[in-house]
Amino acid sequence: MTTIAIDGPAAAGKGTLSRQIADAYGFHHLDTGLTYRAVAKALLDAALPLDDETIATKVAGEIDLSGLDRSVLAAHAIGEAASKIAVMPDVRRALVEAQRAFSRKTPGTVLDGRDIGTVVCPDAEVKLYVTASPEVRAGRRHQEIIANGGKADFATVLADIARRDARDMGRADSPLRPAEDAHLIDTSTMGIEAAFQAARAIIDAALK
Ligand code: C5P
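Trainee: Can you walk me through the overall build of the protein in this structure?
Mentor: Tallying secondary structure elements over the protein gives 10 helices and five strands in all. The C-alpha atoms of the protein give a radius of gyration of 16 Å, which matches the 17 Å a tight globule of 208 residues would have. Considering only C-alpha atoms, the protein reaches an extent of 50 × 40 × 30 Å along its principal axes. Across the 208 residues that make up the protein, the buried fraction comes to 44%. Partitioning the intrachain contacts of the protein with sequence separation of at least 6 by distance along the chain shows that 79% fall at a separation of at least 24. For the protein, the accessible surface area stands at approximately 10,000 Å², while carbon and sulfur atoms represent 55% of it. When the 25 basic and 29 acidic side-chain charges of the protein are each reduced to a single mean position, those positions are 1 Å apart.

Trainee: Quick question: what am I supposed to make of the pairing of strand β3 (residues 108–113) here?
Mentor: Each regular strand carries side chains that alternate between the two faces of the sheet. Where burial is concerned, most of β3 is hidden: six out of the six residues are buried. Covered by surrounding structure in β3 are G108, V110 and D112 together with T109, L111 and G113, the residues of both alternating faces. By the bridge criterion, six bridges tie strand β1 (residues 2–7) to β3 in an arrangement that is parallel. The residue bridging T2 from the neighbouring strand is G108, located in β3.

Trainee: Sorry if this is basic, but what is going on with the packing of aromatic side chains here?
Mentor: The relative placement of two aromatic rings is captured by the distance of their centres and the angle of their planes. Within this structure, the stated rule accounts for one aromatic pair. On the basis of an interplanar angle of 35° and a centroid distance of 6.0 Å, the ring pair of Y25 and F27 is categorised as tilted. For Y25, a relative accessible area of 18% translates into the label buried. The ring of Y25 has R200 sitting right over it, with the charged end atom 5.4 Å from the ring centre.

Trainee: Even after reading the chapter, I still don't get the packing of helix α1 (residues 14–25) against helix α10 (residues 192–207), so can you show me in this structure?
Mentor: Between two packed helices, what matters for the description is the angle formed by their axes and the separation of those axes. Running from N to C, α1 and α10 cross one another at 50°; their axes reach a closest spacing of 10 Å. Taken together, the axes of α1 and α10 lie oblique to each other. In this structure, the crossing between α1 and α10 has a hand that is right-handed. Along its contact with α1, which presents T16, L17, Q20, I21, A24 and Y25, the element α10 presents I192, A195, F196, A199, R200, I203 and D204.

What counts and what doesn't
Residues numbered from 1 in each chain as written. Predicted model: local features only at pLDDT ≥ 70, side-chain atom pairs only at ≥ 80, totals over all residues. Heavy atoms only, no water. Helix = DSSP H or I, 4+ residues; strand = E, 2+ residues; numbered from the N terminus. Rg over C-alpha atoms; globule rule 2.2 N^0.38 Å. Buried < 20%, exposed > 50% of the residue type's maximum accessible area, 1.4 Å probe, protein only. Contact = heavy atoms within 4.5 Å. Areas by Shrake-Rupley, 256 points an atom, 1.4 Å probe, with all protein chains shown as cover. Lys, Arg positive; Asp, Glu negative; His and termini not counted. Charge placed at Lys NZ, Arg CZ, Asp CG, Glu CD. Pairing = 2+ DSSP bridges. Phe/Tyr/Trp six-rings, centres within 6.5 Å; stacked < 30°, edge-to-face > 60°. Lys NZ or Arg CZ within 6 Å of the ring centre and 35° of its normal. Axes fitted to C-alpha atoms, helices over the stretch in contact; angles between N-to-C directions. Parallel < 35°, antiparallel > 145°, perpendicular 65-115°, else oblique. Left-handed = near helix turned anticlockwise from the far one by under 90°.

So this is what it looks like as structure tokens:
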């Protein structure tokens, strides 16, 4: 059983990379951001408060990992709400337990998020930290919004990215940071194919 842990900030390209890696190695994939998003959406849909840890933890304990779908959880408001409930230790404990159970699937798993290499799977055989400059990440997010027919201006998207980074890196419980033994992949000047080849080389060397 092999676990590959992939962490990094929003819009660094880790989602696409994680899916490609899982496909290439025949491993199960869990995008752990979706677990936080699913809790946030359930609270928003039921008009429940986003600042009540007891309620959010109860919802977190009921999340079914098999039914998570990014297309219904992609909304910007859901991401913002997710990063708010993600600061709550009891919510994290409930979701981390489910994520760890997932990580034990055979023949192997790829989990991506913010705290996989540091907290969820500290014994993962391979840890990657995928990042890019805030400007590059905002540029990609901006393009994506335009390509999907939406409207956005670059400065607002950049400010959103900076705010999300500050919340994810600054929280007391499980802040976003590279594990000491993580391999860094900076995708600022790299296309997705180059990032995938870099990841593959690291993983092949680690699993040999
Ligand atoms: O990656 P994504 O944007 O879907 O994640 C939404 C939010 O969920 C993040 O901004 C972060 O606050 C939280 N999250 C987390 N730990 C993870 C994955 C996501 O705190 N492992």
